[in-house]
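Listed below, chain by chain, are the residues.
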Amino acid sequence: VLGAPVDVLLEAFGRHFIYYLEQNGYDSTMKSQGNSLREWIKNVNEPHRLLRSRFPKSSLPEFWTENDESDETGETVLLHYYSTRGGRFVSVVVGIIKEAAKRYFDREIEMHMVSAEDTAHANVNFHAVWRIPQVGKDSSGSVGSNVTPPLET
């Protein structure tokens, strides 16, 4: 562990966090976010909504998904991450998403960071975007998450 890059350790923490949630009574919440990997990623805000209702002053990230129009197969999603705490948790997010894909959908996925930037928006100070290929086609007909992106409010 000593000498390992911080990003590697934070991604490992994110992977372990899925296990921690399952062991502490949140396994059904995590598993019920979607019947497909694409749907699960699209609904990744749901646990945060639950936490916000219990802890209204908490500072939780928000996510937004959209289809990657550059992928002709329609199986790639862009995952946007918005945070009020800067970019220090991006590797944790990667670990959580990768572990969920493996644990709930038996899929090893890649996440390619497209952008990461500090923002000067009133309620968000960091925005990152990942391209996640081969998550499957969107059968619902909707384009993105069921929430408005934080930078567009």
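Note that the structure is a prediction, hence the values are computed from the model and not measured. Numbering of residues starts from 1 in each chain and follows the order in which that chain's sequence is written. Local features in a predicted model are, by the rule used here, given only for residues with pLDDT of at least 70; side-chain atom pairs are given and counted only at 80 or more, and totals for whole chains, interfaces and linings are based on all residues. The basis for the side-chain values is all heavy atoms of the structure; hydrogens and waters are excluded.

Colleague: I'm lost on the overall build of the chain in this one. Help?
Modeller: If you tally the helices and strands in the chain, you get four helices and four strands. Counting from the N terminus, the helices are the DSSP runs of H or I reaching at least four residues and the strands are the DSSP runs of E reaching at least two. Secondary structure elements of the chain, listed N to C terminal, follow the sequence α-α-α-β-β-α-β-β. A total of 153 residues make up the chain; the buried ones form 42% of that total. Of the contacts made within the chain by residues no fewer than 6 positions apart, 62% connect residues no fewer than 24 positions apart. Accessibility throughout is a Shrake-Rupley quantity obtained with a 1.4 Å probe, and a residue counts as covered only by protein chains that appear here. Just so you have it, the chain exposes about 8800 Å², and 51% of that area is on carbon and sulfur atoms. Each residue's exposure class comes from its accessible area (1.4 Å probe, protein chains only) as a fraction of the maximum for that residue type: buried when under 20%, exposed when over 50%, partly exposed otherwise. Only heavy atoms enter the contact rule, under which two residues are in contact if any of them lie within 4.5 Å.

Colleague: Hey, could you run me through the environment of Thr29 in this one?
Modeller: Along the chain, Thr29 turns up in helix H1 (residues 6–31). A relative accessible area of 26% places Thr29 in the partly exposed class. Spatially, the C-alpha atoms of Thr29 and Pro47 are 7.1 Å apart, while their sequence positions differ by 18 residues.

Colleague: What's the story with the environment of Phe126 in this structure? I'm lost.
Modeller: Considering the arrangement of structural elements, one finds Phe126 in strand S4 (residues 126–132). A relative accessible area of 7% places Phe126 in the buried class. Non-local contacts of Phe126, meaning those with residues more than four positions away in its chain, are made with Tyr81, Tyr82, Ser83, Gly86, Gly87, Val90, Ala116, Glu117, Asp118 and Thr119.

Colleague: I'm lost on the side chain of Lys98 in this one. Help?
Modeller: Secondary-structure assignment places Lys98 in helix H4 (residues 90–105). Taking relative accessible area as the criterion, Lys98 reaches 18% and is therefore assigned buried. If we ignore the near neighbours within four places in the chain, the residues touching Lys98 are Glu11, Arg15, Arg107, Ile109 and Met111.

Colleague: Please clarify how unusual backbone geometry should be interpreted in this entry.
Modeller: Only a minority of non-glycine residues have a phi that is not negative, and only a minority of peptide bonds are not trans. The backbone phi angle of Asp106 is positive, close to 55 degrees, even though this residue is not glycine. Judged by relative accessible area, which is 71%, Asp106 ranks as exposed. A positive phi angle, close to 60 degrees, is found at Gln134, a residue other than glycine.

Colleague: Please clarify how the nonpolar core should be interpreted in this entry.
Modeller: Nonpolar side chains in soluble globular proteins generally cluster together in the buried interior. Side-chain atoms within 4.5 Å are what join buried Ala, Val, Leu, Ile, Met, Phe, Trp, Tyr and Cys residues into a set we call a nonpolar core. Judged by nonpolar contacts, the single largest core of 28 residues is most densely connected at Trp40, Ile97, Trp130 and Ile132. Looking at this core, the elements with two or more residues in it are H1, helix H2 (37–42), strand S2 (77–83), H4 and S4. For this core, the leading source of residues is H4, giving ten residues.

Colleague: I keep staring at the side chain of Thr76 and nothing clicks. Help me out?
Modeller: Along the polypeptide, Thr76 turns up in the loop between strand S1 (62–67) and S2. Residue classification places Thr76 among the buried positions, given a relative accessible area of 3%. Any pair of nitrogen or oxygen atoms within 3.5 Å is treated as a polar contact; in protein, a donor-acceptor pairing is required on top of that, and neighbouring residues in sequence qualify only through side-chain atoms on both sides. Here the side chain of Thr76 touches Asp71 through a polar contact of 2.4 Å, side chain to side chain. In this view, Thr76 contacts Arg38, Glu66, Asn67, Asp68, Asp71, Arg131, Ile132, Pro133 and Gln134; residues no more than four positions away in its chain are not counted.

Colleague: Even after reading the chapter, I still don't get the pairing of S2, so can you show me in this structure?
Modeller: Every other side chain in a regular strand lies on the same face of the sheet, so the side chains alternate between the two faces. Burial analysis of S2 places seven of its seven residues in the buried class, the great majority of the element. Alternating positions in S2 separate into two faces, Val77, Leu79, Tyr81 and Ser83 on one and Leu78, His80 and Tyr82 on the other, with burial throughout. Relative to S2, S1 is paired through six bridges, and the arrangement is antiparallel. For Glu66, the partnering residue across the bridge sits in S2 and is Leu78. We call two strands paired when DSSP finds no fewer than two bridges between them. As judged from the seven bridges shared by S2 and S4, these two strands associate in the antiparallel manner. Residue pairing in the sheet places Leu78 in a bridge with Arg131 of S4.

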